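Fold and contact review
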Amino acid sequence: MLVAAFRRTRDERAFRALYRRHTPSLYAMAVRLTGGHEPDAEDIVQDTWIRAVDALDRFGWRSSLRTWLIGIAVNCHRERCRRDAGLVPFDARDVPDRRSDSPARAGTRIDLERAIAALADGYREVLVLFDIEGYTHREIATLLRIQEGTCKSQLSRARRALRQALADSALPEPRPEERQRESTRHRRTQPD
Amino acid sequence: MSQHDTDELSQTERRALAALPRQLAPPSTLEERTVRALIERGLVRASGAQSPRARLSLMALGGLTAAAALVIGMTIGWWFTRPTTPPTSGEQFMLLLYEDEAFQHSVAGRPQQHLVREYGEWAGALRDQERLLAAEKLAVDGRLLARVRDEVQVSVDVSATPHGIVAGFFIITARDYDEAVAVASRSPHLRYGGRIAIRRIEPT
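Residues numbered from 1 in each chain as written. Chains lettered and ligands numbered in written order. Predicted model: local features only at pLDDT ≥ 70, side-chain atom pairs only at ≥ 80, totals over all residues. Heavy atoms only, no water.

Let's talk about the overall build of chain A
Broken down by element type, chain A carries nine helices and zero strands. Going residue by residue from the N terminus, the α and β elements of chain A occur as α-α-α-α-α-α-α-α-α. The buried share of chain A, taken over its 192 residues, is 43%. The long-range fraction of contacts in chain A, counting pairs at least 24 apart against all pairs at least 6 apart in sequence, stands at 62%. (Helix = DSSP H or I, 4+ residues; strand = E, 2+ residues; numbered from the N terminus. Buried < 20%, exposed > 50% of the residue type's maximum accessible area, 1.4 Å probe, protein only. Contact = heavy atoms within 4.5 Å.)

As structure tokens, then:
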């Protein structure tokens, strides 16, 4: 209905209705894909809408509009990753760790969001699309232009990496007497 | 049991992932800038407009690209033709300024005089520091040659790089790559999404 109204008029008001309906879910996914980096997520959302509106006349309802938009957003993200491959911050001391910029949420959700943000880009993509957005392996394979088998093995590795990250963040601080024992053992092993 | 089976999610993990929010309120500025970008491209009609706007043709977009290139060209030409004391020390580096579609969209809606001032201030600082050796704007057309199966072939598409097309260059002096990077990092070209490649010139 919103799409038909917008196609008919190409009116700003009709676009804003479409935008407000779909952007919250698009933005949530873009934030996760970028590892919590909201400026990059905003750029992805804007680029997605520009491409989507440009191609809307050719959208044939082979999927839902949301699925179609997410596909465009994933491609925008991948293009940014390819373009930025190999770049490192000019002065790493002044560049905040984007992995620590995940939106603050209560309890284990903070740990889980941070752990997802800390995954490598490829792992994060597959995990977000499969375990959070609910795409099938076949759909993800088409979207990312990979084999279905590759998608499955990436997902396995992503889940293992996520579990490891969560386990590492849950390690308790060593008790004072344990720290003392470690320190003594270290001194004994040093050569004179 | 296959490798994949051991990595199935537990009930607890499924519940935790299912509990993550699927929606996030975007900043209100994002809606405004998205709408503005769509209107500038003729993809959305601004509310209150008298008649439908035509979509921006490739020529119109090319016009905006040309305007952006003109700004850089004017700046380079103006600053470089002023009398200068030749730079004396350090190594020489070429700064190649790349533009892609993202850069062109970024500068498209900005007042030209602001762009001229920003680029001019940066180029002027290079002159004042006695770093600037040369600067030129490159035309958008070009030729690319390659030998394919014993035959030299020519293409008019010189834009096929991951970073876009080279729009211009500066040759500067700097002590080393770190200093050259520090100089180039202050260029407004980066602020608008352009890329700068830095190559040291081998003395011969």
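Re a nonpolar patch on the surface
Residues and elements named next belong to chain B. There is a patch of nonpolar side chains on the surface, built from Leu145, Val152 and Val154 and spanning about 290 Å² of accessible area. For valine 154, the position within the fold is in strand E4 (residues 151-155). The exposure class of valine 154 is exposed, given its relative accessible area of 55%. (Patch = residues over 30% accessible without salt bridge, like charges linked within 9 Å, V, L, I, M, F, W, Y side chains within 5 Å. Areas by Shrake-Rupley, 256 points an atom, 1.4 Å probe, with all protein chains shown as cover. Salt bridge = Lys/Arg side-chain N within 4 Å of Asp/Glu carboxyl O.)

Description of the sheet that holds strand E2 (residues 132-137) of chain B
Residues and elements named next belong to chain B. One open sheet accounts for four strands, arranged E2-E5-E1-E6; its pairing is antiparallel. Each of the sheet's edge strands pairs with one partner strand only, and the pair in question is E2 and strand E6 (195-200). Going across the sheet, the axis of each strand differs from the next one's by a mean of 15 degrees, ignoring polarity. Taken together, the nine bridges between strand E1 (residues 91-99) and strand E5 (residues 165-174) define a ladder with antiparallel strand orientation. Bridging from a neighbouring strand, glutamate 91 pairs with alanine 174 of E5. Contacting E1, E5 and E6, helix H6 (residues 177-184) runs over the sheet at an angle of about 155 degrees to E6. (Pairing = 2+ DSSP bridges. Axes fitted to C-alpha atoms, helices over the stretch in contact; angles between N-to-C directions.)

Quick word on the packing of aromatic side chains
Within the structure shown, the criterion is met by seven aromatic pairs over all chains. A centroid spacing of 6.0 Å and a plane angle of 55 degrees characterise the contact between phenylalanine 15 of chain A and tyrosine 19 of chain A, whose relative ring orientation is tilted. Here phenylalanine 15 of chain A pairs with tyrosine 19 of chain A, and both are found in helix H2 (residues 12-33), just four residues apart, close to one helical turn. Their ring planes at 65 degrees and their centres at 5.0 Å tell us that phenylalanine 93 of chain B and tyrosine 177 of chain B sit as a pair that is edge-to-face. You can see phenylalanine 93 of chain B sitting in strand E1 and its partner tyrosine 177 of chain B sitting in helix H6, a full 84 residues away along the chain. Among the residues examined, tyrosine 177 of chain B registers a relative accessible area of 37% and is labelled partly exposed. Here a set of aromatic residues connected by ring pairs shows up, and it is made of Phe6, Phe15, Tyr19 and Trp49 of chain A. (Phe/Tyr/Trp six-rings, centres within 6.5 Å; stacked < 30°, edge-to-face > 60°.)

Considerations on the pattern of salt bridges
Counting across every chain of the model gives 24 salt bridges over all chains. Among the ionic pairs, glutamate 31 of chain B bridges to arginine 16 of chain A, the shortest N-O distance being 2.8 Å. With glutamate 31 of chain B in helix H2 (residues 28-40) and arginine 16 of chain A in helix H2, this pair bridges two chains. Each member of the pair glutamate 31 of chain B and arginine 16 of chain A is classed as buried. Measuring nitrogen to oxygen at the nearest pair gives 2.9 Å for the salt bridge that ties glutamate 32 of chain B to arginine 16 of chain A. In this pair, glutamate 32 of chain B is assigned in helix H2 and arginine 16 of chain A in helix H2, connecting two distinct chains.

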